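# Structure at a glance
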Amino acid sequence: MEIIESLEEIPVQNPQAEDFSYSDLSWTKFGTTEHHDEVALIPYARVEEFIIGECSNPECPTRFHIERGRKRSRGSLREYKPDEYLEYRLYWCSFGPENYGEGGGVLPSRKYRLNTRNRAARPQSMRGCTCHFVVKRLYARPSLALLVYNERRHVNKAGFVCHGPLDRDAIGPGAKKIPYICNEIQQQTMSMIYLGIPEENVLEKHIEGIQRYCGSDATVDTLASQYVHKLGMIIKRSTHELDLDDQASIKIWAERNKKSIFSYQESSETDQFMLGIQTEWQLQQFVRFGHCSLVAADSTFGIKRLKYPLCTLLVFDSRHHALPVAWIISRSNLKSDVEKWMKILLQRAQSVEPGFRINGFIIDDAAMEIDPIRHASTLHKKCDTIEVQRELFKCLGEVVYSIWDGVDTSKVLERLTLDFSDQTAFMHYFTSIWLPKIGMWLSSIKILPLASQEACGAIEAYHVKLKVKLFDDTHLNALQRVDWLVHKLTTELHSSYWLDRYADESDSFQNVKEEYIASTSWHRASEIPDSAVILDSNNTVVAKVRSQRDTNVARLVWNPGSEFAFCDCAWSLQGNLCKHIIKVNTMCENREGYGDSMSLRSFKEKLTSIKMKPMDDSIALDLSMALTLQMFDQIKQLVKLSGTDDISNIVNDLPVKWGCRKGRTTVGIPASIAAFTKKRSQRRKR
């Protein structure tokens with residue numbers, strides 16, 4: 001567009017429509033090459049019709065208020081330029097310029113309260129919109145008005161749409177009429193939409209939730225229907241590509257979702273990219289189920305297929321299912337980086353629960369740095385034990401047990417190579433993938449105790465669900481974009497687990513609840529009756545499990561009673577821990593001919609090492625005995641708690657704990673408030 005320096009060359013426009021807007025006019029660049037604006041000339045009498053047309057923008061409906069204005073009287077200027085004004089008015093979108101939303105604030109120059117009678121919304125709905133234009137009534141030609149548009153888009157300073165149908169957090173002028181929607185109802189509606197549930201079913205559940213607060217009303221139902229439809233349109237229109245460049249897109253997302261990020265580091269010549277994500281709901285679950293309990297790491301997902309590997313921190317909920325409470329996207333395994341995000345994560349949990357501590361940490365990779373975990377536990381008094389999740393190939397059971405019993409590693413591996421010499425494909429895979437890491441795994445198993453099958457089954461269920469959500473054929477082109485991964489995690493996967501927990505705790509969405517309960521192999525194994533398992537005392541190498549659907553079908557389980565057992569079912573042949581193996585292993589406990597599991601061996605060795613350390617007839621022996629008995633009582637209570645159907649029977653048997661008399665009135669009050677009340681009471685006494 002050519003830049004025009006003379007106002008005389010700009011034509012006067014007078015659209016025939018009753019109300020007109022920006023799109024109905026032809027705009028000209030007026031000024032110099034260094035500084036120019038988009039301007040248009042219209043009759044001064046039609047300024048109000050232009051403002052009405054701008055307010056009726058379907059994408060961002062609003063009103064405009066006069067932010068600033070000046071006047072001159074005729075004849076006050078002896079010399080003047082063609083663009084000098086007789087009247088000057090700066091019109092600003094009424095959703096700005098202040099920002100009363102999250103991360104916003106009042107303009108520092110605002111020393112007085114503006115007249116809000118003509119504002120589009122209440123002050124708390126102002127979102128920092130930067131859309132504004134200037135109307136100049138020309139001094140030389142008072143019948144004409146010069147329109148100068150400074151910012152056409154209804155966006156905030158960060159460049160995001162801040163109100164209207166395209167804004168997720170929009171609050172319009174009719175906010176007083178909209179029924180109350182709490183965070184629980186809003187999250188429930190969003191989760192159902194993200195999971196692809198039909199809009200009719202979503203609306204039905206949404207209205208049921210609103211009626212708990214507002215009652216039944218036709219107006220409420222109409223507004224709820226509009227809300228669900230609008231929310232569905234926003235979610236459908238949302239995209240992960242905030243910018244064509246992946247790094248710039250992630251930067252925009254991080255700027256917009258600061259509350260859900262606990263660690264962010266851009267890639268540079270010295271530092272590697274790192275993004276730690278934890279929503280408010282995940283933080284609540286982390287404190288709720290991670291305090292004085294176990295935390296697991298699924299750290300090997302997407303090493304080959306994603307741009308950056310995904311590490312997930314998991315806790316075990318009330319049904320012992322794995323629940324994701326944090327995601328870390330990074331390729332860096334340096335101690336300094338792991339310690340950095342681990343320390344921030346623990347401090348964040350302690351800000352909610354000051355006494356937060358972790359009793360155990362399960363890792364799934366022998367190469368994972370455990371020193372940062374231990375260092376963080378030393379700083380914050382968190383982690384007492386670290387466990388290793390089983391990841392060894394099932395055929396290596398004999399190798400592991402032999403080395404555990406003290407047999408030379410090289411001899412066992414040589415015998416394994418001879419036994420499988422005819423399996424060229426397997427031996428090529430073993431020598432290239434496992435042989436370089438076998439020593440590291442075996443040393444880790446000797447040093448660290450092994451996790452149980454229930455924990456491994458829960459972690460595996462999360463891993464499988466993650467594969468189904470991410471490795472879909474329709475998303476193969478987006479696997480190398482981090483913004484797509486973040487979008488999938490924070491929308492579909494987060495909504496899926498939120499709805500699972502909500503369905504279980506509120507006893508609603510029965511189909512979702514049943515699928516959630518049966519999602520782990522451990523629960524599916526518990527549904528197999530003992531009579532379906534056939535154990536032969538003369539042949540302890542193989543066990544059989546009859547199918548519940550077809551009694552003529554029986555599954556064969558080799559190496560029963562071992563962590564390295566494998567089954568001939570399709571699920572086990574894919575490398576997963578199936579329900580038949582878990583059921584057979586639970587049946588082999590305390591039976592002759594079957595050895596202890598490696599996790600039980602680790603537990604016995606730890607107890608034996610505790611027993612052997614103190615000197616006989618010493619105070620250290622008495623202290624060790626006291627700690628052992630204390631640990632025994634805790635294990636006994638834990639077993640009793642997990643095996644009961646009615647928790648009230650256990651609660652009634654617990655001893656009553658009294659607080660000291662001096663601190664009873666301040667129990668549950670933050671230290672700062674308690675100190676403040678104490679100072680006030682002292683002043684009153686004086």
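Residues numbered from 1 in each chain as written. Predicted model: local features only at pLDDT ≥ 70, side-chain atom pairs only at ≥ 80, totals over all residues. Heavy atoms only, no water.

The protein has the name SWIM-type domain-containing protein in an unreviewed UniProt entry, where Brassica cretica is given as its organism.

### Notes on the sheet that holds strand β17 (residues 554-558)
Spatial ordering of the open sheet is given by β15-β16-β17-β18, a layout of four strands whose pairing is antiparallel. Among the strands making up the open sheet, the edge pair consists of β15 (533-535) and β18 (566-567). Sitting on the sheet, helix α17 (residues 579-587) touches β15, β16 (542-546), β17 and β18, and the angle it makes with β15 is about 55°. (Pairing = 2+ DSSP bridges. Helix = DSSP H or I, 4+ residues; strand = E, 2+ residues; numbered from the N terminus. Contact = heavy atoms within 4.5 Å. Axes fitted to C-alpha atoms, helices over the stretch in contact; angles between N-to-C directions.)

### Section: the UniProt feature "domain: SWIM-type" (unreviewed entry) in the protein
The sites that carry the UniProt feature "domain: SWIM-type" (unreviewed entry) are, in the present numbering, residues 552-589. Spanning residues 552-589, this segment combines 34% helix with 18% strand, and its end C-alpha atoms are found 27 Å apart. (UniProt positions renumbered as here; feature names shortened; annotations may be inferred.)

### Observations regarding the sheet that holds strand β3 (residues 36-43)
If you walk across this open sheet you meet the seven strands as β1-β2-β3-β7-β6-β5-β4, and the pairing is mixed. Either end of the sheet is taken by a strand with one partner, and the two such strands are β1 (3-4) and β4 (64-71). The pairing of strand β5 (residues 85-93) with strand β6 (residues 132-138) spans seven bridges and is classified as antiparallel. Bridge pairing in β6 places Arg89 opposite Val135.

### Description of the nonpolar core
Counting residues in hydrophobic clusters, the biggest one holds 100 residues, and the most contacted among them are Phe286, Leu313 and Ile329. In terms of residues, this core owes the most to one element, helix α13 (residues 482-506), which gives 11 residues. In this structure Ile329 touches Phe273, Met274, Leu275, Ile277, Tyr308, Pro309, Leu310, Val482, Leu485, Val486 and Leu489, once residues within four positions along its chain are discounted. Of all hydrophobic cores here, the second largest spans 37 residues; its members include Leu25, Ile42, Phe64 and Trp92. (Core = buried A, V, L, I, M, F, W, Y, C linked by side-chain atoms within 4.5 Å. Buried < 20%, exposed > 50% of the residue type's maximum accessible area, 1.4 Å probe, protein only.)

### What to know about the environment of Met190
Along the chain, Met190 falls in helix α2 (residues 183-194). Apart from residues no more than four positions distant in its own chain, Met190 is found in contact with Leu231, Ile235 and Ser495.

### A word on unusual backbone geometry
As a rule of thumb, non-glycine residues mostly have phi less than zero, and peptide bonds are mostly trans rather than cis. In this structure, the amide linkage connecting Gly96 to the following residue, Pro97, adopts the cis form with an omega of 0°. Here His320, not a glycine, exhibits a phi torsion of approximately 65°, which is positive. Turning to its location among the elements, His320 is positioned in the loop between β11 (310-316) and β12 (322-330). Note on His320: relative accessible area 38%, which makes it partly exposed.

### Points about the pattern of salt bridges
Per the counting criterion, the structure on display carries 20 salt bridges. A salt bridge links Glu54 to Arg152; its shortest N-O distance comes to 2.8 Å. Of this pair, Glu54 sits in helix α1 (residues 47-55) while Arg152 sits in the loop between β7 (144-151) and α2, and the two are 98 residues apart along the sequence. With a closest N to O distance of 3.2 Å, Glu84 and Arg72 form a salt bridge. Highlighted residues: Glu84 in the loop between β4 and β5 and Arg72 in the loop between β4 and β5, separated in sequence by 12 residues. Linked by salt bridges that have partners in common, Arg288, Asp317, Arg319, Arg501, Asp504 and Glu505 make up one network. (Salt bridge = Lys/Arg side-chain N within 4 Å of Asp/Glu carboxyl O.)

### Some remarks on the environment of Lys236
Note on placement: Lys236 falls in helix α4 (residues 218-237). It is 8.8 Å that separates the C-alpha atoms of Lys236 and Tyr194, two residues lying 42 residues apart in sequence.

### Points about helix α5 (residues 246-256)
Turning to α5, its buried residues number three or more, namely Asp246, Ser249, Ile250, Trp253 and Ala254. Projected down its long axis, α5 carries its buried residues within an arc of 135°, all on one side. Taken together, the buried residues of α5 touch β8 (261-265), β9 (274-277) and α13. (Arc of directions from axis to C-beta.)

### Overview of the packing of helix α6 (residues 280-290) against helix α7 (residues 335-352)
Closest axis-to-axis distance for the α6/α7 pair is 10 Å, and the angle between their directions is 80°. What the angle tells us is that α6 and α7 run roughly perpendicular. Counted together, Leu283, Phe286 and Val287 of α6 and Leu345, Arg348, Ala349 and Val352 of α7 form the full contact between these two elements. Residues that form the contact of α6 with α7 fall into these classes: six nonpolar, no polar and one charged. (Parallel < 35°, antiparallel > 145°, perpendicular 65-115°, else oblique. Nonpolar A, V, L, I, M, F, W, Y, C, P; charged D, E, K, R; others polar.)

### Details of the side chain of Arg501
Within the secondary structure layout, Arg501 lies in helix α13. Its relative accessible area of 3% is what places Arg501 among the buried residues. Looking at Arg501, its side chain comes within polar contact range of the side chain of Asp317, at 3.3 Å. Engagement of the side chain of Arg501 in a polar contact is seen with the side chain of Tyr516, the distance being 3.0 Å. Not counting chain neighbours up to four residues away, the residues in contact with Arg501 comprise Trp281, Arg288, Phe289, Asp317, Ser318, Leu323 and Tyr516. (Polar contact = N/O pair within 3.5 Å; in protein donor to acceptor, adjacent residues only side chain to side chain.)

### As for α6
A large share of α6 lies buried, amounting to eight of its 11 residues. Of all the positions in α6, only Trp281, Gln282, Leu283, Gln285, Phe286, Val287, Phe289 and Gly290 are classed as buried. The inward-facing, buried residues of α6 contact β9, β10 (294-301), β11, β12, α7 and α13. Phi turns positive one or two residues past the end of α6, at Cys292, with a value near 55°.

### Looking at the packing of helix α12 (residues 453-470) against α13
One way to put it is that α12 packs onto α13 with a least axis distance of 11 Å and a crossing angle of 125°. Our classification of the angle between α12 and α13 gives oblique. The two elements α12 and α13 cross, and the hand of that crossing is right-handed. Counting all contacts with α12, which are made through Tyr462, Lys465, Leu466, Lys469 and Leu470, the residues of α13 involved are Trp484, Leu485, Lys488, Leu489, Glu492, Leu493, Ser496, Tyr497 and Asp500. Along the lines of polarity and charge, the residues of the contact of α12 with α13 split into eight nonpolar, one polar and five charged. (Left-handed = near helix turned anticlockwise from the far one by under 90°.)

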